[in-house]
Amino acid sequence: MIRHLIRLIWNKKKAHTLLIVEIWASFMVLFGLATLIVVNVRNYSQPLGFEYQNVWAIDLNNNQDTTDVDDKARAIFQRLKGYAEVESVSRMSNNFPFSANTMNNGIEYNKAKTVAHTFSTDENFAKTLAMPVVEGRWYREADSVGKYNPVVINQKAKEELFANENPLGKIISDRLKVIGVVDNFKSKGEFMADQPAYFELVDENSSWDKTMLIRVKPGTDAVFEAKLVKDVTAMVNGWSVEVNYLADSRKTQHNLTLVPVIIFLIVCSFLLINVALGLFGVLNLSIAKRRGEIGLRRALGATEVGISSQFVGEIWVLATFAILIGLVLAGQFPMLNVFDLEAGVYLMAMLISAVIIYGIVTLCALYPSRQAATIQPATALHEE
């Protein structure tokens, strides 16, 4: 049966070449879209690593004021701790969770090296974000006394640098001492891949690291926000204060990820609709041209199911040719480690794309094939 279908297609190879190219192009576009979706779904399924609800980031900008900036930042920190609405306060660098700012540094241990997201934070950071420490402990202010700066790394950094070795007490990059390990820390949101990160004790005398994270009590509203901004600006003339709700910043990060996916999905949908309409039209035309053949087969005893199966089988063979060509090209992505993704991501995307293509061509073939199956032998032969 398959050999017969291939022979039929080969005899009309010029007419079918364009159709194969269209299906192949659809498969490749679907492969790209499916890869993007699989990556984001896998990332989203991994835990964020901290709690962002009821956490605000207060971004302080001293503008032209360069006098005693560190002292003023400490005074603001103490003022924030005094509010009844505030449960916890933490001082950190300006790359707070879900912000557009990013800091990366290369770190190494023995011969292992990696590039990690870097965060300068104080001893209250883990408490403010309700971030559990899975090994060791979070650093304290007293840990700043010593030869090495205390750091906490995430699980991904531990895997990159230490594999199965216990990281606690180890010195990395000749200046940092690991005293704790947290699990995930996806600072750009759920759609971010879990990447190496480490947290270093912030220097209180620094005039740069003056972003304040505060965890407020549930139900705290914009009235308190206005009061807070008014109080802080009264303390430091010439400074600007911007309050960011982490929940809102998270939505912004999600939009930056989802908008390209949605655009790609719309473009892909239009392409698939065009291909489906083309297939539908080709099959209808094929039935019109082959009414005599269909009538003769019916006269020789072919059943409606047999006639219908032939047309569905022909379009499946065409789709298989196109998909095989697409698989050869798509298979280069995991082999060459393109975009540094796991091979499983590409394999899943190939499977999803192939299933969708077969589904589309089957749906397009069902109605025309049923039309062909209802052709009466006498009517078709009489028309011939």
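Before any of the text, the structure's been laid out above.
Since the structure is predicted, the reported quantities are computational estimates derived from the model, not experimental observations.

Calculation notes
Residues numbered from 1 in each chain as written. Predicted model: local features only at pLDDT ≥ 70, side-chain atom pairs only at ≥ 80, totals over all residues. Heavy atoms only, no water. Helix = DSSP H or I, 4+ residues; strand = E, 2+ residues; numbered from the N terminus. Buried < 20%, exposed > 50% of the residue type's maximum accessible area, 1.4 Å probe, protein only. Areas by Shrake-Rupley, 256 points an atom, 1.4 Å probe, with all protein chains shown as cover. Axes fitted to C-alpha atoms, helices over the stretch in contact; angles between N-to-C directions. Parallel < 35°, antiparallel > 145°, perpendicular 65-115°, else oblique. Left-handed = near helix turned anticlockwise from the far one by under 90°. Contact = heavy atoms within 4.5 Å. Nonpolar A, V, L, I, M, F, W, Y, C, P; charged D, E, K, R; others polar. Patch = residues over 30% accessible without salt bridge, like charges linked within 9 Å, V, L, I, M, F, W, Y side chains within 5 Å. Salt bridge = Lys/Arg side-chain N within 4 Å of Asp/Glu carboxyl O. Core = buried A, V, L, I, M, F, W, Y, C linked by side-chain atoms within 4.5 Å.

Draft legend 1. Summary view of the overall build of the chain. Looking only at helices and strands, the chain has 12 helices and 11 strands in total. For the chain, buried positions account for 44% of its 384 residues. Accessible surface, the chain: about 19,800 Å² in total, of which carbon and sulfur atoms supply 59%.

Draft legend 2. A look at the packing of helix α3 (residues 69-81) against helix α6 (residues 222-235). Across the interface, α3 lies against α6 with an axial gap of 11 Å and an inter-helix angle of 150°. Taken together, α3 and α6 sit at an angle that is classed as roughly antiparallel. Where α3 crosses over α6, the two elements pack in a sense that is right-handed. Contacts from Ala75, Ile76, Arg79 and Leu80 in α3 reach Leu228, Asp231, Val232 and Met235 in α6. Across the contact of α3 with α6, the residue classes break down as six nonpolar, no polar and two charged.

Draft legend 3. A nonpolar patch on the surface, seen in detail. A surface patch of nonpolar side chains, amounting to about 590 Å² of accessible area, comprises Leu258, Ile262, Ile266, Phe270, Ile273 and Leu277. With respect to the helices, strands and loops of the structure, Leu277 is situated in helix α7 (residues 246-289). Accessibility expressed as a relative area gives 58% for Leu277, which makes it exposed.

Draft legend 4. View of the nonpolar core. Of all hydrophobic cores here, the largest spans 30 residues; its most connected members are Ile23, Phe27, Phe31, Leu279, Ile315, Ile357 and Val361. For this core, the secondary-structure elements that each account for two or more residues are α2 (13-45), α7, α9 (304-330) and α11 (343-373). With nine residues, the top contributor of residues to this core is α11. In this structure, Leu279 is in contact with Leu19, Ile23, Ile315, Val361 and Cys364, ignoring residues within four places of it in sequence. Of all hydrophobic cores here, the second largest spans 24 residues; its members include Phe50, Val152, Ile179 and Val182.

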